[in-house]
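Each chain, written out:
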Amino acid sequence: MIEYEEITTIKQCKDLKELATRISLEHFAPITGTGQVYYMMDKFLSPEVVMREIAENYEFAFVLYDGKRAGYYSIAFEGDALFLSKLYTDKAFRGLGLGHAMFERIKEKAKKAGCKYIYLTVNKHNDSSVAIYKKWNFYISDCAETDIGGGYIMDDYIMRCDL
């Protein structure tokens, strides 16, 4: 059974960072290296940053599978668009349709809010995620190289799904 747990407390934020770090080390370390993974976790998913983003209009939620935290997502409404900031599933729960379930939930939220499209950024070398997003009707609309400090660059595609 799939359920959702909205993230609203510091304790949940600490749990989120732990889950995100585990997922990112497994999935992204081969692409970006472990140094960048740890840097990004501290920069983008510290409890203080997540609580600030929640106060600024972001929504963070865990996806639960049979009561266990199996992944998470983060979104923000931006005018007629919804920014899909994060959508990740723990390796132990992949292949169960959780990513698709989260995306369908996000898409419904976007439609109810009157959004015209959803967009996201994805590492250009993250072939498996790019393929999944294309399956969900996203297309590459642009590219971006972002200096995130610490000597690290995010080299991303910007992908868009029209609603």
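Because the structure is predicted, anything quoted here is derived from the model rather than measured.

Which parts of the structure should I look at to understand the overall build of the protein?
Within the protein, the regular secondary structure consists of six helices and seven strands. Counting from the amino terminus, helix and strand elements in the protein follow one another as β-α-α-α-α-β-β-β-α-β-α-β-β. Relative to the compact-globule value of 15 Å for 163 residues, the protein shows a C-alpha radius of gyration of 15 Å, a close match. With the principal axes as the frame, the protein shows a C-alpha extent of 40 × 35 × 35 Å. Taking all 163 residues of the protein together, the buried fraction comes to 45%. For the protein, the proportion of contacts with a sequence separation of at least 24, taken over those separated by at least 6, is 60%. Charged side chains of the protein number 21 positive and 24 negative; the gap between the two group centres comes to 3 Å.

Is there a simple way to think about the packing of helix α1 (residues 10–27) against helix α3 (residues 34–44) in this case?
In a packed pair of helices, the relevant descriptors are the angle between the two axes and the axis-to-axis distance. Viewed as axis vectors pointing N to C, α1 and α3 meet at an angle of 160 degrees, and their least axial separation amounts to 10 Å. Between α1 and α3, the angle is such that the two are roughly antiparallel. In this structure, the crossing between α1 and α3 has a hand that is right-handed. The residues of α3 that touch α1, namely those facing K17, A20, T21, S24 and L25, are T34, V37, Y38, M41 and D42. Taken together, the residues of the contact of α1 with α3 sort by class into five nonpolar, three polar and two charged.

In this structure, what is going on with the packing of aromatic side chains? I would like to understand it.
Where two aromatic rings form a pair, the distance of their centres and the angle of their planes describe that pair. In total, this model carries 12 aromatic pairs according to the counting rule given. Their ring planes at 65 degrees and their centres at 5.9 Å tell us that Y133 and W136 sit as a pair that is edge-to-face. Three or more aromatic residues joined by ring pairs make a cluster, and in this case those are F103, Y133, W136 and F138. Positioned above the aromatic ring of Y4, the side-chain terminus of R105 is 4.0 Å from the ring centre.

Calculation rules
- Every chain begins its residue count from 1, and numbering advances along the sequence as written.
- Restriction of local features to residues with pLDDT of at least 70 applies here, the model being predicted, together with a cutoff of 80 or more for giving and counting side-chain atom pairs; totals for whole chains, interfaces and linings are based on all residues.
- The basis for every side-chain value is the complete set of heavy atoms in the structure, and neither hydrogens nor water enter the calculation.
- Under the DSSP-based scheme used, a helix requires at least four consecutive residues in state H or I and a strand at least two consecutive residues in state E, with every element numbered from the N terminus.
- In this treatment the radius of gyration is a C-alpha quantity, and the globule benchmark scales as 2.2 Å times the residue count to the 0.38 power.
- Burial status follows relative accessibility: with a 1.4 Å probe on protein chains alone, a residue under 20% of its type maximum counts as buried, one over 50% as exposed, and anything between as partly exposed.
- Contact criterion: two residues are considered in contact whenever any of their non-hydrogen atoms come within 4.5 Å of each other.
- For the charge count, each Lys or Arg is scored as positive and each Asp or Glu as negative, with His and the chain ends excluded.
- Every charge is mapped onto a representative atom, which is NZ of Lys, CZ of Arg, CG of Asp or CD of Glu.
- Helix axes are fitted only over the stretch in contact, all axes being lines through C-alpha atoms; the angle between N-to-C directions runs from 0 to 180 degrees.
- An angle below 35 degrees is read as roughly parallel, one above 145 as roughly antiparallel, one from 65 to 115 as roughly perpendicular, and any other as oblique.
- Handedness of a crossing is defined here by the sense of rotation of the near helix relative to the far one, left-handed for an anticlockwise turn of less than a right angle and right-handed for a clockwise turn.
- Side-chain classes follow a simple rule in which Ala, Val, Leu, Ile, Met, Phe, Trp, Tyr, Cys and Pro form the nonpolar group, Asp, Glu, Lys and Arg form the charged group, and the remainder, Gly included, forms the polar group.
- Put simply, two rings from Phe, Tyr or Trp (the six-membered ring, in Trp's case) pair if the centres are within 6.5 Å, and we call them stacked under 30 degrees between planes, edge-to-face over 60, tilted for the rest.
- Ring-over charges, as used throughout, are those where CZ of Arg or NZ of Lys falls within 6 Å of the ring centre and within 35 degrees of the ring normal.

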